[in-house]
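Architecture at a glance
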Amino acid sequence: MGRLIRPFRLVQPPRHLAHLVASRSYLSYDKPGLMDKLTHNPYSYLQVINPDAENEIEAERGTIEFFKEVRKGYDKFLELGWFKGTDGPGYAIYRQITPQATFTGIVAVLDLVKCEDGALLTHELTIKKREDLFVSYLETVGFHSEPILCARKSGHKGEAELNTVISNVVEGRESDCDFSTTDCIRHSVWWINPELNNELSEALAPIEALYLADGHHRLASSIKLLHRHPNEPGVDRILAFILPAKDLSILGYHREVRNWDGNIELLIKNIEGLDSVLRIEKLDDRESCHGCVDIISNQGEWRIVIKEDESKTRIDAGWLNDEVLEQLLDIQSQTNNLYLKYIAATNESSNKHSKLKDVVKDLDDKIIFALHPVPIDQIIAVSDAGKTLPPKSTWVEPKLRSGLFVYEFGLHPHNNE
């Protein structure tokens, strides 16, 4: 049947340029910040995916002609030596050290046929329009430049052996690529050639199932691409970063309601009337609490504690959407509503409400519902049950840099190892 996790031919920036080439997602930059990067760093991968930054092109973003310009930019990086490919297929061990946590895992490709058959369990719904757009992008550019984030469940077959192999590599030799970025994150990469050392390949072989933590649209689009081009070499794989589920950093995703003109105490009273809240507490820098929702407004701060869910699969965000946003505030659409904004809780501010308080300070027309992290065991339970989380339920870290790992379609043969 073949393995779920496979080696691949890696395309990456050379060691001395990696810190300049690898970039955060362009969506994480505001407009001035993005323009500053594009103006002052010609090596940045942002140059590839923003071909209209310096060149006058007529193609509109999101079109095939625009994606062709992206491919031209990528080819230019290859020509200049800013991207280089390995001699053959292998694996990478990647370690990311942040001020809050350390993440160490495997970069490889996954067999998409096995993923579609249930070997990669998901927990989010996807939007067809976004899927189709990314399929068009992949068809045109022919590469993945950022891995999806996958988790391996504690206690999986061969876990101890795999952990030992990873530790031996990381502790036993110097990394092939090592740099730090201005956001105080250190990135280290060890390349593993199975022909020279097959221990990692053997340790990965027993893994038959993974959980998708981030990248649901990329997975759905890649599967669609496979169905469109079943005989095209390379499209039956997707680039992935795999790490232990317990090591994931899962944070909350808050809701900011705009154009608010109600009374907070009346709102809380109505929530009590739903018989869905055990108690209400005044916030005083309390620790994160699953099954709780914090309400922050210019009128004050409160914590509501929801009744325990016996099924263990109810998500706080889903309860909030159904019982408060829709029923009490008449916010029916959770995706394109002018009065609803999502605020990601990054690791920098995961347990701090000070930034959220600043959002509503001196403003009577905003209210924030702060959600706490969904435990990884609950996400696994939801995935195992074939259910999905509500949109924007979690902010998952690590976030990987684009252009640090690239997988090109069709650059190496696939055998059924």
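Here the structure is a predicted model, which is why all the values come from computation and not from measurement.

Points about the sheet that holds strand β7 (residues 143–144)
Pairing is antiparallel in the open sheet, where 4 strands are placed in the order β3-β2-β21-β7. Every interior strand has two partners, whereas the edge strands, β3 (84–85) and β7, have only one. Two strands pair when backbone bridges link them, and β7 and strand β21 (residues 406–408) are joined in this way by 2 bridges, in the antiparallel orientation. Bridge pairing in β21 links His144 to Tyr407. Its contacts with the sheet place helix α4 (residues 64–80) against β2 (10–12), β7 and β21, and it is angled at close to 105° to β21.

Observations concerning the pattern of salt bridges
Evaluation of the coordinates by the stated rule reveals 23 salt bridges. Here Arg6 ties to Asp111 by a salt bridge, and the two come within 3.2 Å at their closest N and O atoms. Of this pair, Arg6 sits in strand β1 (residues 5–6) while Asp111 is found in strand β5 (residues 102–111), placing the two residues 105 residues apart along the sequence. In this pair, the class of Arg6 matches that of Asp111, namely buried. As a salt-bridge pair, Arg71 and Glu408 come within 3.7 Å of each other at their nearest N and O atoms. You can see Arg71 sitting in helix α4 and its partner Glu408 sitting in strand β21, a full 337 residues away along the chain. If you follow the salt bridges from partner to partner, you end up with Arg6, Asp111, Asp236 and Arg237 in one network.

Let's talk about helix α13 (residues 376–384)
Within the span of α13, buried status applies to Gln378, Ile379, Ile380, Val382 and Ser383. Looking one or two residues past α13, Gly386 carries a phi angle of roughly 75°, positive in sign.

Some points on the nonpolar core
Nonpolar side chains in soluble globular proteins generally cluster together in the buried interior. Grouped together as the largest cluster of nonpolar side chains are 117 residues, with contacts concentrated most on Ile5, Leu110 and Phe369. With near-sequence residues (within four places) excluded, Leu110 lies in contact with Leu4, Ile5, Cys115, Leu120, Ile148, Cys150, Leu210, Asp236, Arg237, Ile238, Ala240 and Ile242. Within the second largest apolar cluster, 6 residues are counted, among which are Ile296, Ile343, Ile368 and Ala370.

Structural notes on unusual backbone geometry
Here the residue pair Glu397 and Pro398 is connected by a cis peptide bond, since its omega of 20° sits within 30 degrees of zero. In this structure, Pro398 sits in the loop between β20 (395–397) and β21. One non-glycine residue, Asn259, adopts positive backbone phi at about 60°. As for its position among the elements, Asn259 is in the loop between β14 (253–258) and α10 (264–273).

Let's talk about the confidence of the model for the chain
On average, residues of the chain carry a pLDDT of 87, and 90% of them reach 70 or more. This stretch, residues 411–417, has a pLDDT under 50; its non-local contacts, to residues over four places away or in other chains, come to 16 contacts.

A short note on the packing of helix α5 (residues 112–119) against helix α9 (residues 216–228)
Closest axis-to-axis distance for the α5/α9 pair is 10 Å, and the angle between their directions is 120°. On the basis of their axis angle, the class for α5 and α9 is oblique. Here α5 runs over α9; the crossing is left-handed. Here Leu112, Val113, Cys115 and Glu116 of α5 lie close against α9, whose contacting residues are Leu219, Ser222, Ile223, Leu226 and His227. Here the contact of α5 with α9 is built from residues that sort into 6 nonpolar, 2 polar and 1 charged.

Regarding the packing of aromatic side chains
Remark: the centre distance and the inter-plane angle together describe each pair of aromatic rings, the angle taken between the planes. Scanning the model with the defined rule gives 15 aromatic pairs in all. On the basis of an interplanar angle of 85° and a centroid distance of 6.3 Å, the ring pair of Tyr253 and Tyr342 is categorised as edge-to-face. With a gap of 89 residues between them, Tyr253 in strand β14 and Tyr342 in strand β18 (residues 340–344) connect regions that are remote in the sequence. Three or more aromatic residues joined by ring pairs form one cluster here, namely Tyr43, Tyr45, Tyr74, Phe77, Trp82, Phe83 and Phe143. If you follow Arg24 out to its NZ or CZ, it ends over the ring of Tyr29, 4.1 Å from the centre.

A look at the packing of helix α6 (residues 128–141) against α9
Packing of α6 against α9 leaves a shortest axis separation of 8 Å and a crossing angle of 60°. For the element pair α6 / α9, the angle class is oblique. Regarding α6 and α9, the two cross each other, and that crossing is right-handed. Here Lys128, Arg130, Glu131, Asp132, Phe134, Val135, Leu138 and Glu139 of α6 come into contact with α9, specifically with His217, Arg218, Ala220, Ser221, Ser222, Lys224, Leu225 and Arg228. Its residues assigned to classes, the contact of α6 with α9 comprises 5 nonpolar, 3 polar and 8 charged.

A word on the environment of Arg258
Position of Arg258 relative to the elements: it lies in strand β14. For Arg258, a relative accessible area of 33% puts it in the partly exposed group. With 108 residues separating them along the chain, Arg258 and Lys366 place their C-alpha atoms 4.8 Å apart. When sequence neighbours within four positions are dropped, the list of residues in contact with Arg258 reads Leu338, Tyr339, Lys341, Asp365 and Lys366.

Quick notes on the rules
Residues numbered from 1 in each chain as written. Predicted model: local features only at pLDDT ≥ 70, side-chain atom pairs only at ≥ 80, totals over all residues. Heavy atoms only, no water. Pairing = 2+ DSSP bridges. Helix = DSSP H or I, 4+ residues; strand = E, 2+ residues; numbered from the N terminus. Contact = heavy atoms within 4.5 Å. Axes fitted to C-alpha atoms, helices over the stretch in contact; angles between N-to-C directions. Salt bridge = Lys/Arg side-chain N within 4 Å of Asp/Glu carboxyl O. Buried < 20%, exposed > 50% of the residue type's maximum accessible area, 1.4 Å probe, protein only. Core = buried A, V, L, I, M, F, W, Y, C linked by side-chain atoms within 4.5 Å. pLDDT = per-residue confidence, 0-100. Parallel < 35°, antiparallel > 145°, perpendicular 65-115°, else oblique. Left-handed = near helix turned anticlockwise from the far one by under 90°. Nonpolar A, V, L, I, M, F, W, Y, C, P; charged D, E, K, R; others polar. Phe/Tyr/Trp six-rings, centres within 6.5 Å; stacked < 30°, edge-to-face > 60°. Lys NZ or Arg CZ within 6 Å of the ring centre and 35° of its normal.

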